[in-house]
Amino acid sequence: MTNLQGLAIVATELALRDATRTLSVIKGLLRNETSGRRQMKTACLRDCDLLYSDGVVTLVDSVGAFLEGRYGDAGAWVTAVMEGTTTCEEGFRDVDEASPLTERNYSLFQLCDVALCIMNLLGSDVLSF
């Protein structure tokens, strides 16, 4: 069981690292954006900046909850981060802008999904036979 717990922590920490890096990319993109026609893209990037800022804090909180054995809370918070990546991506789609974050959103979603799958295993009765 300890190995599975360790894998969940590693997966969540990888997601945290990925989210932190993406947040830096978003901040860089915001610095480089100009006004005018790019206002919609800038608004989307600002939304993603908020989503990723919240996501980083949420992932830190989910690690703490996980370490306390609160797998349900940790899983719910990881799920919220996954929803944030989808919301970020949909924001660009809604205004017919190409997202510069598609690969990064997908990467974080997948890392969170791995962590969530492991947390779900630990929180279920599947392992207690």
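See the structure shown above.
Presented here is a report on the structure given in the accompanying data block. (Residues numbered from 1 in each chain as written. Predicted model: local features only at pLDDT ≥ 70, side-chain atom pairs only at ≥ 80, totals over all residues. Heavy atoms only, no water.)

Looking now at the nonpolar core. If you look at the biggest cluster of nonpolar residues, it comprises 33 residues, and the most contacted ones within it are Leu-59, Phe-66, Leu-108 and Cys-112. Not counting the four nearest positions on each side in its chain, Leu-59 is found in contact with Thr-12, Ala-15, Leu-16, Ala-19, Val-78, Val-81, Leu-108 and Cys-112. (Core = buried A, V, L, I, M, F, W, Y, C linked by side-chain atoms within 4.5 Å. Buried < 20%, exposed > 50% of the residue type's maximum accessible area, 1.4 Å probe, protein only. Contact = heavy atoms within 4.5 Å.)

For the rest of this paragraph, the subject is the packing of helix α3 (residues 71-94) against helix α4 (residues 102-123). For the pair α3 and α4, interaxial distance at closest approach is 9 Å and the crossing angle is 160 degrees. Judged on the interaxial angle alone, α4 and α3 are roughly antiparallel. The interaxial crossing formed by α3 with α4 has left-handed handedness. From α3, Tyr-71, Ala-74, Gly-75, Val-78, Thr-79, Val-81, Met-82, Thr-85, Thr-86, Cys-88 and Glu-89 reach across to α4, where they touch Thr-102, Asn-105, Leu-108, Phe-109, Cys-112, Asp-113, Leu-116, Met-119, Leu-122 and Gly-123. Class assignment of the residues belonging to the contact of α3 with α4 gives a composition of twelve nonpolar, seven polar and two charged. (Axes fitted to C-alpha atoms, helices over the stretch in contact; angles between N-to-C directions. Helix = DSSP H or I, 4+ residues; strand = E, 2+ residues; numbered from the N terminus. Parallel < 35°, antiparallel > 145°, perpendicular 65-115°, else oblique. Left-handed = near helix turned anticlockwise from the far one by under 90°. Nonpolar A, V, L, I, M, F, W, Y, C, P; charged D, E, K, R; others polar.)

Despite not being glycine, Asp-96 has its phi angle at roughly 55 degrees, a positive value. As for its position among the elements, Asp-96 is in the loop between α3 and α4.

Moving on, we come to the side chain of Asp-18. You can see Asp-18 is positioned in helix α1 (residues 2-32). Although Asp-18 is buried, it makes no salt bridge; Arg-104 carries the closest opposite charge, 5.0 Å away. One polar contact links Asp-18 to Ser-107, side chain to side chain, over a distance of 3.4 Å. Beyond its immediate stretch of four places on either side in the chain, Asp-18 contacts Arg-104, Ser-107, Leu-108 and Leu-111. (Lys, Arg positive; Asp, Glu negative; His and termini not counted. Salt bridge = Lys/Arg side-chain N within 4 Å of Asp/Glu carboxyl O. Polar contact = N/O pair within 3.5 Å; in protein donor to acceptor, adjacent residues only side chain to side chain.)

Our next topic: the environment of Val-114. The residue Val-114 is located in helix α4 in this model. As for Val-114 and Thr-12, which are separated by 102 residues in sequence, their C-alpha atoms are 8.4 Å apart.

Moving on to the packing of aromatic side chains. Within the structure shown, the criterion is met by one aromatic pair. On the numbers, 4.9 Å between centres and 45 degrees between planes, the contact of Phe-66 with Tyr-71 is tilted. Each member of the pair Phe-66 and Tyr-71 is classed as buried. (Phe/Tyr/Trp six-rings, centres within 6.5 Å; stacked < 30°, edge-to-face > 60°.)

With that out of the way, let us pick up α3. With 24 residues, α3 ought to run about 34 Å at 1.5 Å a step, and its terminal C-alpha atoms sit 34 Å apart, in line with that. For α3, the set of buried residues is Tyr-71, Ala-74, Gly-75, Val-78, Val-81, Met-82, Gly-84, Thr-85, Cys-88, Glu-89 and Phe-92. Remark: Asp-96 follows α3 within two positions and exhibits a positive phi of approximately 55 degrees. (Expected span 1.5 Å × (residues − 1).)

Such coordinate-based values are descriptive only and should not be taken to indicate function.
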